[in-house]
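# Analysis of the macromolecular model
Residue strings, one per chain:
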Amino acid sequence: MPEGDTVYRTARLLDRTLRGQVLVASDFRVPQHATADLSGGTVVETVSRGKHLLTRIDLRDDRWTLHTHLKMEGSWKAFRPGQRWPRSAHQARVVLETGTAVAVGFSLGIVELVDRAAEADVVGHLGPDLLGPDWDEDVALANLAREPGRQLRDALLDQRNLAGIGTMYAAELCFTSGVDPATPVGAVPDLRRLVRRGRQMLVLNKERAVQSTTGDLRERERMWVFRRDRSPCRRCGTPIEVTQLGPAGRERASYWCPSCQPVLVSSG
Ligand SMILES: [Zn+2]
């Protein structure tokens with residue numbers, strides 16, 4: 001699943017491709033907007049908010065925002081007009097075409113066109129964006145502290161607390177902080193340091209194509225624990241373990257080193 005840094009790079013790609021350009025065609029391949037037509041509109045900009053993308057388009061007197069989300073399998077790609085797409089056309093959910101480029105959103109989890117004045121309806125629930133200009137560490141910490149009994153990983157994945165962390169960074173942050181992912185938030189020794197490190201990870205990775213939290217760019221060495229189950233821990237050699245963790249019905253794979261990340265229980 002794409003995390004905040006990937007979405008940030010996607011916003012940059014769309015912004016480079018479309019900003020200031022007039023759309024000569026648009027094609028919405030989702031039922032609720034099948035008849036929408038933005039041709040003649042001018043693309044103002046694309047920004048990311050956590051893992052959400054907002055592409056702002058002015059069309060005559062209307063101020064639209066195209067809200068998209070990559071969810072599990074989605075991506076945005078830019079092509080030259082007439083260039084062959086590497087992914088099947090039936091995976092395209094929205095196509096925006098200018099005189100010089102074609103931007104295609106494949107397998108997007110969300111495609112919705114909203115009035116720009118109503119953007120808060122789609123992203124207003126998000127906590128501070130780790131890569132946003134309005135990042136606020138204290139607000140993120142206060143959000144996390146509201147539920148001290150909640151499992152740390154689950155709390156980090158909740159975009160209402162802070163926006164941009166997915167299962168990969170959540171696993172890596174629990175490891176680099178030396179805490180079991182199931183540790184209650186209130187028992188984490190230095191949550192501020194963990195959050196600050198999370199932001200550093202996203203900032204470091206937002207400019208590079210290959211994500212790494214270890215600084216090592218070799219395959220299978222890029223991460224401390226994420227998707228490294230059964231491989232030896234890079235610190236202590238103990239085999240990395242994987243389990244399903246999270247609220248009932250929404251469990252997701254969690255990776256950790258049982259030696260470096262002991263279970264902590266709240267003293268309170
Ligand atoms: Zn270890």
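Bear in mind that the values here come from a model prediction, so they are computed numbers and not experimental data. Note on numbering: residues in each chain are counted from 1, in written sequence order. Per-residue local features are limited, in this predicted model, to residues with pLDDT of at least 70; the limit for side-chain atom pairs, both in listing and counting, is 80 or more; totals at the level of whole chains, interfaces and linings are taken over all residues. Values shown for side chains rest on all heavy atoms present in the structure; no hydrogens or waters enter the calculation.

## A few points about the nonpolar core
A general tendency of soluble globular proteins is for nonpolar side chains to be buried together. Note the cut-off: In plain words, nonpolar cores are sets of buried Ala, Val, Leu, Ile, Met, Phe, Trp, Tyr and Cys residues tied together by side-chain atoms within 4.5 Å. The classification of residues rests on relative accessible area computed with a 1.4 Å probe and restricted to protein chains. Under 20% of the type maximum is buried, over 50% is exposed, and intermediate values are partly exposed. Here a strand is any run of E in DSSP of at least two residues, a helix any run of H or I of at least four, and the numbering for each starts at the N terminus. Contacts: residue pairs with any heavy atoms within 4.5 Å of one another.
One finds Leu144, Leu152, Leu156, Leu162 and Ile165 to be the most contacted residues of the largest nonpolar core, which totals 36 residues. Every element with two or more residues in this core is listed here: α3 (137–145), α4 (152–157), α5 (167–176) and α6 (191–205). With 7 residues, α5 is the largest single contributor of residues to this core. Aside from chain neighbours lying at most four places away, what touches Leu152 is Cys174, Val179, Pro181, Thr183, Val185, Val188, Leu191 and Leu194. Formed by 21 residues, the second largest nonpolar core is a distinct cluster that contains Val30, Leu53, Ile57 and Leu66.

## Thoughts on α5
Taking burial as the measure, the 10 residues of α5 include 10 buried ones, the bulk of the element. All of the buried residues in α5 are Thr167, Met168, Tyr169, Ala170, Ala171, Glu172, Leu173, Cys174, Phe175 and Thr176. Considering only its buried residues, α5 is in contact with α1 (4–18), α4, α6 and β10 (252–256).

## Regarding the coordination of the zinc ion
The cut-off we apply is this: Counted as donors are the N, O and S atoms within 2.8 Å of the metal, or 3.2 Å for Na, K and Ca, while water is not among the atoms, so some sites may look incomplete. In these descriptions, tetrahedral denotes four donors with every angle between 85 and 135 degrees, square planar four donors and octahedral six donors with opposite donors over 155 degrees apart and the rest between 65 and 115, and irregular any other case.
Only Cys233 (SG), Cys236 (SG), Cys257 (SG) and Cys260 (SG) from the protein reach the zinc ion as donors, at distances of 2.3 to 2.4 Å. Bound by 4 donor atoms, the zinc ion shows angles of 101 to 114 degrees at the metal and therefore tetrahedral coordination geometry. By relative accessible area, which is 4% here, Cys233 ends up buried.

## Some points on unusual backbone geometry
A positive phi is found at Lys71, a non-glycine position, where the angle reads about 45 degrees. Topologically, Lys71 is positioned in the loop between β4 (62–69) and β5 (75–79).

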